[in-house]
Amino acid sequence: MPPGTTIDSVQWDSEFGFAHRIAKPLYADNICLAGDAAHIHSAFGARGMNLGIEDAYVFAALVAEDRLSDYESLRRPVIESVVKTVARATEIPRGKTMTARLVRRMPWLVSWMAPKAEGAVRTWVLGLDHEIGLE
Ligand SMILES: Cc1cc2nc3c(=O)[nH]c(=O)nc-3n(C[C@H](O)[C@H](O)[C@H](O)COP(=O)(O)OP(=O)(O)OC[C@H]3O[C@@H](n4cnc5c(N)ncnc54)[C@H](O)[C@@H]3O)c2cc1C
């Protein structure tokens, strides 16, 4: 903002919240849920779109092999693991726990840890941290 800018009355505001949820079931009556319809979580970690694309890939492979009933057992563990990790990680910038507050007050700790964790973080963000279970 240019110097001297002041804020007048607020015209509109809203709360920003996160939901961490997984649909149940993911597969029923030959219908499979994929992408955000199947799982929703905070954007922390940039996993949402990748996870949805992976759902579609597994779905297509199972259709080709006439094994659609395996969709639930293949996708649920992967989705649960991602949503759980994202929910935990989201607590660091926004959480009220002692650990989250401590980390936020020590940005130098994050800078110090970042290079050491880079490989693991990259593997996780790219979704290369798990098998998708297709032979
Ligand atoms: C701020 C933000 C940042 C993100 N950053 C990343 C990132 O860096 N990396 C990453 O992997 N993911 C990221 N995501 C998540 C990613 O954008 C979503 O996970 C992904 O777009 C979901 O794709 P989708 O096709 O499942 O759903 P959507 O993209 O929501 O597509 C659903 C479509 O269905 C349409 N639709 C809805 N109802 C109907 C209806 N009744 N009839 C017809 N059409 C309908 C909608 O208009 C929409 O076009 C981010 C999300 C947000 C909000």
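Structural data are supplied above this passage.
Below, the structure is looked at part by part.

### Quick look at the nonpolar core
Counting residues in each nonpolar core, the largest one holds 16 residues, and the members touching the most others are Leu26, Leu51, Leu62, Tyr71 and Ile79. Counting only elements with at least two residues in this core, the list comes to α1 (48-64) and α2 (71-94). Considering every element that reaches this core, the biggest residue donor is α2, with 7 residues. With sequence-adjacent residues up to four places away left out, Leu51 is seen in contact with His39, His41, Arg75, Val78, Ile79 and Val82.

### So, the layout of surface pockets
It is the rolling of a water-molecule-sized probe over the atoms that shows where space remains empty. Its boundaries defined by the atoms lining it, the largest pocket holds a volume of some 460 Å³. Along the wall of the largest pocket there are 16 residues; nearest its centre are Phe44, Ala89, Ile92, Met113 and Val121. Elements represented by at least two residues in the lining of the largest pocket include exactly α2, α3 (98-105) and α4 (107-125). Broken down by element, the lining of the largest pocket gets its largest block of residues, 8 residues, from α4. Among the residues forming the lining of the largest pocket, the class breakdown is 12 nonpolar, 3 polar and 1 charged.

### As for α1
Compared with the 24 Å implied by 1.5 Å per residue over 17 residues, the 25 Å span of α1 between its first and last C-alpha is a close match. All buried positions along α1 are accounted for by Leu51, Gly52, Glu54, Asp55, Val58, Ala61 and Leu62. Following α1 by one or two positions, Asp66 has its phi on the positive side, about 55 degrees.

### What to know about α2
For α2, with 24 residues, the first-to-last C-alpha span of 34 Å sits near the 34 Å given by 1.5 Å per residue. Residues of α2 that are buried include every one of Tyr71, Leu74, Arg75, Arg76, Val78, Ile79, Val82, Val83, Val86, Ala89 and Thr90, and no others. Buried-residue contacts for α2 involve β1 (21-22), β2 (27-28), β3 (31-32), β4 (39-40), α1 and α4.

### Some points on unusual backbone geometry
The omega torsion across Lys24 and Pro25 is -5 degrees, close enough to zero to call that bond cis. Locating Pro25 in the fold gives a position in the loop between β1 and β2. A positive phi angle, close to 65 degrees, is found at Asn30, a residue other than glycine. For Asn30, the location among the structural elements is in the loop between β2 and β3. Even without a glycine there, the phi angle at Asp66 is positive, about 55 degrees. With respect to the secondary-structure elements, Asp66 resides in the loop between α1 and α2. In this structure Asp66 comes out as exposed when scored by relative accessible area, which is 73%.

Cut-off values and rules
Residues numbered from 1 in each chain as written. Predicted model: local features only at pLDDT ≥ 70, side-chain atom pairs only at ≥ 80, totals over all residues. Heavy atoms only, no water. Core = buried A, V, L, I, M, F, W, Y, C linked by side-chain atoms within 4.5 Å. Buried < 20%, exposed > 50% of the residue type's maximum accessible area, 1.4 Å probe, protein only. Helix = DSSP H or I, 4+ residues; strand = E, 2+ residues; numbered from the N terminus. Contact = heavy atoms within 4.5 Å. 1 Å grid on protein atoms, 1.4 Å probe; cavity = no way out; pocket = protein on both sides within 12 Å on 5 of 7 lines; lining within 4 Å. Points joined across faces, edges and corners; volume = space filled by probe spheres on them. Nonpolar A, V, L, I, M, F, W, Y, C, P; charged D, E, K, R; others polar. Expected span 1.5 Å × (residues − 1).

Don't take any of this as a statement about function, it's just geometry.
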